[in-house]
Amino acid sequence: GLNKVNRTLLTEVRTIKELSASELNAALDKGVKLIDTRNKVDFQNGFIPASINIQGNNSFATWMGWFVGYDEQFILIAEPSQMNDLTRKLMRIGLDNIFGFVDASKINQVYTGTLSKSNMVTIDTVKTNKAAEIIDIRGVAEFNSGHIPGAKNVFVGTLLQHLDKIPKDKPVIIHCQGGDRAAIGYSLLVKEGYTNIANYSGGINEWVKEQQPIVS
């Protein structure tokens, strides 16, 4: 009997409070992590400084587990209609310390500062910018099976533990396979104070499609 009852309680998804401008700003002042679950293109076009872009797709819970601690409070930026699903996904992995959420469609009203834009680059820049350090943030096996000549590998999941491998004194271009992990990596590095990072969202998928050289 008791076990059943407890289990049902755990699957009950609590309603997360929608934050006002003053509540959001107070939380950000305290250093509460801000996770932006919007599509990477929406994020790139205007994001709250220091927010981390972890898209609310099938990999959402996986990446949240890498970057948010169990005892840490955090705020989600999301569509209200997605909140139940996202909260449930997080509860399954024990991340239930959600401080509140910001309605994705109201970012401009709720955040009083200036939104940042991502520094995006095209394949032409990657081909011609010889001064830039290219950082491939995919997993080791993916990197080893084929990467852009001269690229260095720093896995996005452990990026924050290996910041010493990301130079601050020259241009850096980061990429992954198709842009999702690069959006996470870019936001993490900007949050850490890097100002020299560019995001090549096309990634290896586009590089291969355009028949560019690959080293394995």
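Residues numbered from 1 in each chain as written. Predicted model: local features only at pLDDT ≥ 70, side-chain atom pairs only at ≥ 80, totals over all residues. Heavy atoms only, no water.

Q: How would you sum up the overall build of the protein chain? Please name residues and give values.
A: Helix and strand counts for the protein chain stand at 10 helices and 8 strands. Taken against the 2.2 N^0.38 rule, which gives 17 Å for 216 residues, the C-alpha radius of gyration of the protein chain at 19 Å falls within 12% of a compact globule. Per-residue burial for the protein chain yields a buried fraction of 45% across its 216 residues. In the protein chain, once contacts between residues fewer than 6 apart in sequence are set aside, the share between residues at least 24 apart is 71%. For the protein chain, the accessible surface area stands at approximately 10,900 Å², while carbon and sulfur atoms represent 50% of it. With 23 positive and 22 negative side-chain charges, the protein chain shows a separation of 3 Å between the mean positions of the two kinds. (Helix = DSSP H or I, 4+ residues; strand = E, 2+ residues; numbered from the N terminus. Rg over C-alpha atoms; globule rule 2.2 N^0.38 Å. Buried < 20%, exposed > 50% of the residue type's maximum accessible area, 1.4 Å probe, protein only. Contact = heavy atoms within 4.5 Å. Areas by Shrake-Rupley, 256 points an atom, 1.4 Å probe, with all protein chains shown as cover. Lys, Arg positive; Asp, Glu negative; His and termini not counted. Charge placed at Lys NZ, Arg CZ, Asp CG, Glu CD.)

Q: Tell me what's going on with the sheet that holds strand E7 (residues 172-175), and back it up with residues and numbers.
A: Hydrogen bonds between backbone atoms are what pair the strands of a sheet, whose relative direction is either parallel or antiparallel. The parallel open sheet is built from 4 strands, whose spatial order is E6-E5-E7-E8. Each of the sheet's edge strands pairs with one partner strand only, and the pair in question is strand E6 (152-153) and strand E8 (197-199). Here helix H9 (residues 180-191) sits on the sheet and contacts E7 and E8; the angle it forms with E8, its principal contact strand, is near 160°. (Pairing = 2+ DSSP bridges. Axes fitted to C-alpha atoms, helices over the stretch in contact; angles between N-to-C directions.)

Q: Describe in detail the sheet that holds strand E4 (residues 98-103), supporting the description with residues and values.
A: On the basis of which strands lie adjacent, the open sheet formed by 4 strands has the order E2-E1-E3-E4 and parallel pairing. The strands lining the two open edges of the sheet, one partner per strand, are strand E2 (52-53) and E4.

Q: Account for the nonpolar core, with residues named and values stated.
A: Ile35, Ile54, Met64, Phe74, Leu76 and Ile166 are the most contacted members of the largest nonpolar core, which has 36 residues in total. Taken together, the elements giving at least two residues each to this core come down to helix H4 (60-67), strand E3 (74-78), helix H5 (83-92), E4, E7 and H9. In terms of residue count, the dominant contributor to this core is H9 (5 residues). Not counting residues within four places of it along the chain, the set of residues in contact with Ile166 comprises Ile135, Val154, Leu159, Val172, Leu189, Tyr194 and Ile197. (Core = buried A, V, L, I, M, F, W, Y, C linked by side-chain atoms within 4.5 Å.)

Q: With reference to specific residues and values, describe the environment of Leu189.
A: Assignment of secondary structure puts Leu189 in helix H9. Residues Leu189 and Ala50 lie 139 residues apart in sequence; the distance between their C-alpha atoms is 9.2 Å.

Q: Please set out H4 residue by residue, giving values where relevant.
A: For H4, the full list of buried residues reads Phe60, Ala61, Trp63, Met64 and Phe67. Taken end-on, H4 shows its buried residues confined to a sector of 165°, consistent with a single buried face. Summarising the contacts, the buried residues of H4 are in contact with strand E1 (33-36), E3, H5 and H9. (Arc of directions from axis to C-beta.)

Q: Would you mind going over unusual backbone geometry in detail, with residue names and values included?
A: Positive phi, close to 80°, is recorded for Ala50, a residue that is not glycine. You can see Ala50 is positioned in the loop between helix H3 (40-45) and E2. Phi is positive for Gln211, close to 55°, though the residue is something other than glycine. Among the secondary structure elements, Gln211 is positioned in the segment after helix H10 (203-209). Among the residues examined, Gln211 registers a relative accessible area of 73% and is labelled exposed.

Q: Outline the environment of Gln55, listing residues and values.
A: The residue Gln55 is located in the loop between E2 and H4 in this model. Excluding residues within four positions of it along the chain, Gln55 makes contact with Asp36, Thr37, Arg38, Asn39, Lys40, Phe60 and Asp180. Here Lys40 takes part through its backbone nitrogen, which lies 2.9 Å from a polar atom of the side chain of Gln55. (Polar contact = N/O pair within 3.5 Å; in protein donor to acceptor, adjacent residues only side chain to side chain.)

Q: Tell me what's going on with the pattern of salt bridges, and back it up with residues and numbers.
A: Scanning the entire structure with this criterion turns up 12 salt bridges. Its salt-bridge partner being Glu72, residue Lys33 comes within 3.2 Å of it at the nearest N-O pair. With Lys33 in strand E1 and Glu72 in the loop between H4 and E3, this residue pair connects regions lying 39 residues apart in the sequence. Given a relative accessible area of 17%, Lys33 falls into the buried group. On the basis of relative accessible area, Glu72 is assigned to the partly exposed category, the value being 27%. Notably, a salt bridge pairs Asp36 with Arg38, separated by 2.8 Å at the nearest N-O pair. Comparing Asp36 with Arg38, the two get one shared label, buried. (Salt bridge = Lys/Arg side-chain N within 4 Å of Asp/Glu carboxyl O.)

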